[in-house]
Amino acid sequence: IAKIGYGSILTSANSIEKENQMIIYPNPANEIVNVNMNMKAEMKIYNAIGEQAASLQLTAGSNEVSIENFSPGIYFYRITSQDGMLAAGKLVIQ
């Protein structure tokens, strides 16, 4: 589980964060990635050579992102809101 306070990555799911936070799990993933957050945002997923593989609109609350059509490998995500970038990180797809 990656618990992200906008602008920082936490190493523990038990850490206390500000009111703006999101949780992305599981990672590595097989078919679905869950993104829980408290605001609307856009998530873009890029492959290892920087090509955009997906662009998704996320809602406040729980979001299920289907990755079943992705080839196994390392991907990168960027999540942005109207106010700017919230988070970026690596996603491993098995």
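Look up: the structure comes first, before these words.
These figures come from a predicted structure and were not determined experimentally. Each chain carries its own residue numbering, running from 1 in the direction its sequence is written. Local features in this predicted model are restricted to residues whose pLDDT is 70 or higher, and side-chain atom pairs enter the listing and the counts only when it is 80 or higher, whereas totals over whole chains, interfaces and linings include all residues. Side-chain calculation: all heavy atoms of the structure are included, whereas hydrogens and water are not.

1. Examining the overall build of the protein
Our working rule: Helix and strand definitions follow DSSP, with helices as H or I runs of at least four residues and strands as E runs of at least two, each counted in order from the N terminus. Burial classification: accessible surface area is computed with a 1.4 Å probe over protein chains only, and a residue below 20% of its type maximum counts as buried, one above 50% as exposed, and the rest as partly exposed. Contacts are assigned to residue pairs with any non-hydrogen atoms lying within 4.5 Å of each other.
Check the secondary structure of the protein and you find zero helices and nine strands. Along the chain direction, N to C, the helices and strands of the protein fall in the order β-β-β-β-β-β-β-β-β. Counting every position in the protein, which comprises 94 residues, the buried fraction comes to 33%. Considering only intrachain contacts with a sequence separation of at least 6, the fraction spanning at least 24 residues in the protein is 43%.

2. Regarding unusual backbone geometry
Cis geometry marks the peptide bond from Tyr 25 to Pro 26; its omega dihedral reads -15 degrees. Here the amide bond leading from Asn 27 into Pro 28 is cis, since omega sits at 15 degrees, within 30 degrees of zero.

3. Description of the side chain of Asn 34
By the element assignment, Asn 34 lies in strand E4 (residues 32–37). Assessed through its relative accessible area of 14%, Asn 34 is described here as buried. Ignoring any residue separated from it by four or fewer positions in sequence, one finds Asn 34 in contact with Ile 23, Ile 24, Tyr 25, Pro 26, Asn 63 and Glu 64.

4. Topic: the nonpolar core
Operational definition: Only buried Ala, Val, Leu, Ile, Met, Phe, Trp, Tyr and Cys residues count toward a nonpolar core, and they belong to the same one when joined by side-chain atoms within 4.5 Å.
One finds Val 33, Val 35, Met 37, Met 43, Ile 45, Val 65 and Ile 79 to be the most contacted residues of the largest nonpolar core, which totals 21 residues. If you list the elements that add at least two residues to this core, you get strand E3 (21–25), E4, strand E5 (41–46), strand E6 (52–58), strand E8 (73–81) and strand E9 (84–93). If we skip the residues at most four places from it in the chain, Val 35 touches Ile 23, Ile 24, Met 43, Leu 58, Gly 61, Ser 62, Asn 63, Val 65 and Ile 79.

5. A short note on the environment of Glu 31
Take Glu 31: it is sitting in the loop between E3 and E4. Considered as a pair, Glu 31 and Gln 94 are 63 residues apart in the sequence and their alpha carbons are 8.6 Å apart.

6. Here's the deal with the sheet that holds E8
To keep things clear, this is the line we draw: Following DSSP output, two strands are said to pair if at least two bridges run between them. Axes here refer to lines fitted to C-alpha atoms; in helices the fit is confined to the stretch in contact. Angles between the N-to-C directions go from 0 to 180 degrees.
Read from one edge to the other, the open sheet built from four strands follows the order E6-E5-E8-E9, with strand pairing classed as antiparallel. A single partner strand is all that each edge strand has here, and the edge strands are E6 and E9. Averaged over all adjacent pairs, the angle separating strand axes in this sheet is 20 degrees, with direction ignored. Sheet analysis places E5 next to E6, joined by six bridges and oriented antiparallel. Residue Ile 45 lies in a different strand from E6, and its bridge partner there is Ala 54.

7. Some remarks on the side chain of Asn 47
Here is the rule: In protein, a polar contact means a hydrogen-donor-capable atom and an acceptor-capable atom, both N or O and within 3.5 Å, with residues adjacent in sequence counting only if both atoms are side-chain atoms; elsewhere, any N or O pair within 3.5 Å suffices.
Tracing the chain through its elements places Asn 47 in the loop between E5 and E6. A polar atom in the side chain of Asn 47 sits 3.1 Å from the backbone nitrogen of Ile 49. At a separation of 2.9 Å, a polar atom in the side chain of Asn 47 contacts the main-chain amide nitrogen of Glu 51. Among residues more than four places away in sequence, those in contact with Asn 47 are Ile 74, Tyr 75 and Phe 76.

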